[in-house]
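# Coordinate inspection notes
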Amino acid sequence: MLPDYRPEPFVDFSVKANADAMRTALSKVGDELGRTYPLLIGGEHIELADTFDSLNPAKPSQVVGSFAKATVEHANQAVEVAATAFETWRNVAAEERARYLFRAAAVMRRRKFEFMAWLVYEVSKSWAEADADVAEAIDFMEYYGRQAIKFGGPQPVVAYNGEENELRYIPLGVTVVIPPWNFALAIMVGMTTAAIAAGNTVVLKPASASPAIAAQFVRLLVEEAGLPDGVVNFVPGSGGAMGDALVDHAKTRVIAFTGSKEIGLRIFERSAKLQPGQIWLKRTILEMGGKDGIVVDETADLDAAADAIVASAFGFQGQKCSACSRAIIVESVYDSVLKKVVDRTKKLTMGDPTDPKQHMGAVVDQKAFDKIREYIEIGKSEGRLMLGGETGDAADGYFIPPTIIADIAPEARLSLEEIFGPVLAFIKANDWKHALQIANNTEYGLTGAVFSRSRERLEEARRDFHVGNLYFNRKCTGALVGVQPFGGFNMSGTDSKAGGPDYLLLFTQAKTITDRF
Ligand code: NAP
């Protein structure tokens, strides 16, 4: 009997055995850096002369891994192979498909420190952030395995005399999975395993900043969990160069994407265009950007609010779609909250995250480093720089200190545009109503939080704060699989609920069979 799903507990690194295990894993993975990885298509490893490197953001001269660079031809080949594999995989029973996920989850749990270490090197996660990423990946597999079993059998329909009616969910076909680099393990694992649990086959194109962790996962799935050849195909390469080919292919049935609004909209548009030979409407699952706010009113516990703002704004260098990038504070407590947040932020440490003392590592790459610095300059012209702002030389690591800019107008660029870095805008609201209005004034709608002791206001926010994940009196990051099903409104996405009861259904289609006897 399968135990009920429970989120994976986090590691307590104050326990010496855990800290030792992490150090051992960092040393083991450290010895494995710089290796070359092939494509994997239909079980065949394909090595290529043309490769690209994944770099350690905290030490850009260190190569984490070199990756065969898939071309348009490889993208097409991978979709064809996945289409052939689908003819077998779609008939594998849901319980059996789920078993692969449970097996993969068990292996990852056993090797969790190693997976954390890859995240530390490849995307500069602190130990705690790496732990949360790995725990979420395990959760997705445990959760979707159970969901596959639940939705695998006949579903309830109304009885009708003289007929046997049956409704089943059937898989769709080839799913192109295009993840981001920020939850480099969890989101990639979630989208991949939801698709295969539902009976689809996958072409996985990892984000170019984080192919090494994806390669570790694919290896685990195939070599340790024994997933049959062709069910997951691995094609690292430039999204700009071969993403369109994956999306456009006539045999692509679903595109599961998490990333920026710009690329999400491009996929949405291209996937709607019928290709020669295509006999279905493509389905897209698009989870995109955020510009998330924490609202604090004059009745709130201001210390708790300040703690939450700091944790939500600067955890993983602010590179979470759910990160708080706007603190919307009612005028009468604005100065007080601003001071508390600045004081707390001053205590954050930043540096190479192999060192457990660091709260923050580097931002992911040179492009992110340049973009965030540009926004800091914009912020300086739009508001009052309270903290941070200065960066060192990128050659010494893409480090950007936590930056706070006060007195940002609700319609300013810093208030509305996603920066995706450790930059927090403080926005003053006249009163509660105005604060809620500001909270809703972006094109996004992913997460949000309200700090208030007024039940009436919280009820108003429940109704009118237009975000996918709304939190009261706690931070706006850290959603757990199945506990806070995750997905956005508006430009944050297609209302999909990763880790929620209906997510698996996005990868399937209902089929009703009527048998008249
Ligand atoms: P991104 O630049 O949009 O890239 C996402 C993925 O799309 C990468 O694998 C990228 O490949 C690929 N790609 C690029 N061009 C493509 C094309 N023309 N066709 C198909 N795929 C293409 O986003 P990112 O910088 O990795 O991630 C940050 C963004 O993700 C932020 O906006 C963040 O808010 C969002 N995000 C949202 C959620 C959510 O749940 N809503 C969760 C996490 C992150 P390359 O790497 O090779 O360019």
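In what follows, the accompanying structure is described.

Thresholds, definitions, all that
Residues numbered from 1 in each chain as written. Predicted model: local features only at pLDDT ≥ 70, side-chain atom pairs only at ≥ 80, totals over all residues. Heavy atoms only, no water. Helix = DSSP H or I, 4+ residues; strand = E, 2+ residues; numbered from the N terminus. Contact = heavy atoms within 4.5 Å. Pairing = 2+ DSSP bridges. Axes fitted to C-alpha atoms, helices over the stretch in contact; angles between N-to-C directions. Near = heavy atom within 4 Å. Polar contact = N/O pair within 3.5 Å; in protein donor to acceptor, adjacent residues only side chain to side chain. Areas by Shrake-Rupley, 256 points an atom, 1.4 Å probe, with all protein chains shown as cover. 1 Å grid on protein atoms, 1.4 Å probe; cavity = no way out; pocket = protein on both sides within 12 Å on 5 of 7 lines; lining within 4 Å. Sits in = over half its atoms within 2 Å of the grid points. Nonpolar A, V, L, I, M, F, W, Y, C, P; charged D, E, K, R; others polar. Salt bridge = Lys/Arg side-chain N within 4 Å of Asp/Glu carboxyl O. Buried < 20%, exposed > 50% of the residue type's maximum accessible area, 1.4 Å probe, protein only. Right-handed = clockwise from strand over helix to strand, strands pointing away. Parallel < 35°, antiparallel > 145°, perpendicular 65-115°, else oblique. Left-handed = near helix turned anticlockwise from the far one by under 90°.

### Considering the environment of H45
In this structure, H45 sits in strand β3 (residues 44–46). A sequence separation of 333 residues divides H45 from I378, and the C-alpha atoms of the two residues are 47 Å apart. Discounting chain neighbours no more than four positions away, the residues touching H45 are P38, L39 and L40.

### Re the sheet that holds strand β4 (residues 51–56)
With mixed pairing, the 3 strands of this open sheet are ordered in space as β1-β5-β4. In the strand order of this sheet, the two ends are held by β1 (35–37) and β4, each with one partner. The average angle at which neighbouring strand axes cross in this sheet is 35 degrees, direction not considered.

### Section: the site of the ligand
Around the ligand, a shell composed of 33 residues is seen, among which S208, G239, S260, M288 and E418 lie nearest. Side-chain polar atom of S208 to an oxygen atom of the ligand: 2.5 Å apart, as the coordinates give it. Protein contact buries 88% of the 920 Å² of open area that the ligand shows by itself. With respect to the pocket detection grid, the ligand is positioned in the largest pocket. Residue assignment for the shell around the ligand shows that the elements contributing at least two residues are α8 (239–248), β10 (252–258) and α9 (261–271). Here the shell around the ligand is composed, by residue class, of 15 nonpolar, 13 polar and 5 charged.

### Let's talk about the pattern of salt bridges
All chains considered together, the criterion is met by 35 salt bridges. The residue K339 makes a salt bridge to D343 at a minimum N-O spacing of 2.6 Å. Here K339 pairs with D343, and both are found in helix α11 (residues 331–346), just 4 residues apart, close to one helical turn. Overlapping salt bridges, with partners in common, bring together E8, R109, K112, E142 and R146 in one network.

### Side note on the pairing of strand β17 (residues 447–451)
A large share of β17 lies buried, amounting to 5 of its 5 residues. Considered for its hand, the β-α-β crossover made up of β17, helix α15 (residues 455–464) and strand β18 (residues 469–472) is right-handed.

### Comments concerning the packing of helix α14 (residues 432–439) against α15
Two elements in contact, α14 and α15, have axes whose closest approach is 11 Å; the angle formed by their N-to-C orientations is 25 degrees. Judged by the angle between their axes, α14 and α15 are roughly parallel. Where α14 crosses over α15, the handedness of that crossing is right-handed. For the pair α14 and α15, the contacting residues are W432, K433 and L436 in the first and R457, E460, A461 and D464 in the second. In terms of residue class, the contact of α14 with α15 is built from 3 nonpolar, no polar and 4 charged.

### Re the side chain of N56
Mapping N56 onto the fold places it in strand β4. Relative accessible area serves as the criterion here: at 2%, N56 is assigned to the buried category. Looking at N56, its side chain comes within polar contact range of the main-chain nitrogen of A58, at 2.9 Å. Residue contacts for N56: discarding those within four places in its chain leaves Q62, V64 and Y121.

### So, the sheet that holds strand β12 (residues 292–296)
The strand order across the open sheet formed by 7 strands is β14-β15-β16-β13-β12-β17-β18, and the pairing between neighbours is mixed. Each end of this open sheet is capped by a strand with a single partner; those strands are β14 (384–387) and β18. Averaged over all pairs of adjacent strands, the angle between strand axes in this sheet comes to 20 degrees, irrespective of strand direction. By the bridge criterion, 5 bridges tie strand β13 (residues 324–330) to strand β16 (residues 423–429) in an arrangement that is parallel. Residue pairing in the sheet places V330 in a bridge with A429 of β16. This element, α11, spans β12, β13, β14, β15 (403–406) and β16 of the sheet and lies at about 165 degrees to β16. Of the strands in this sheet, β12, β13, β16 and β17 touch α14, which is tilted by about 160 degrees from β13.

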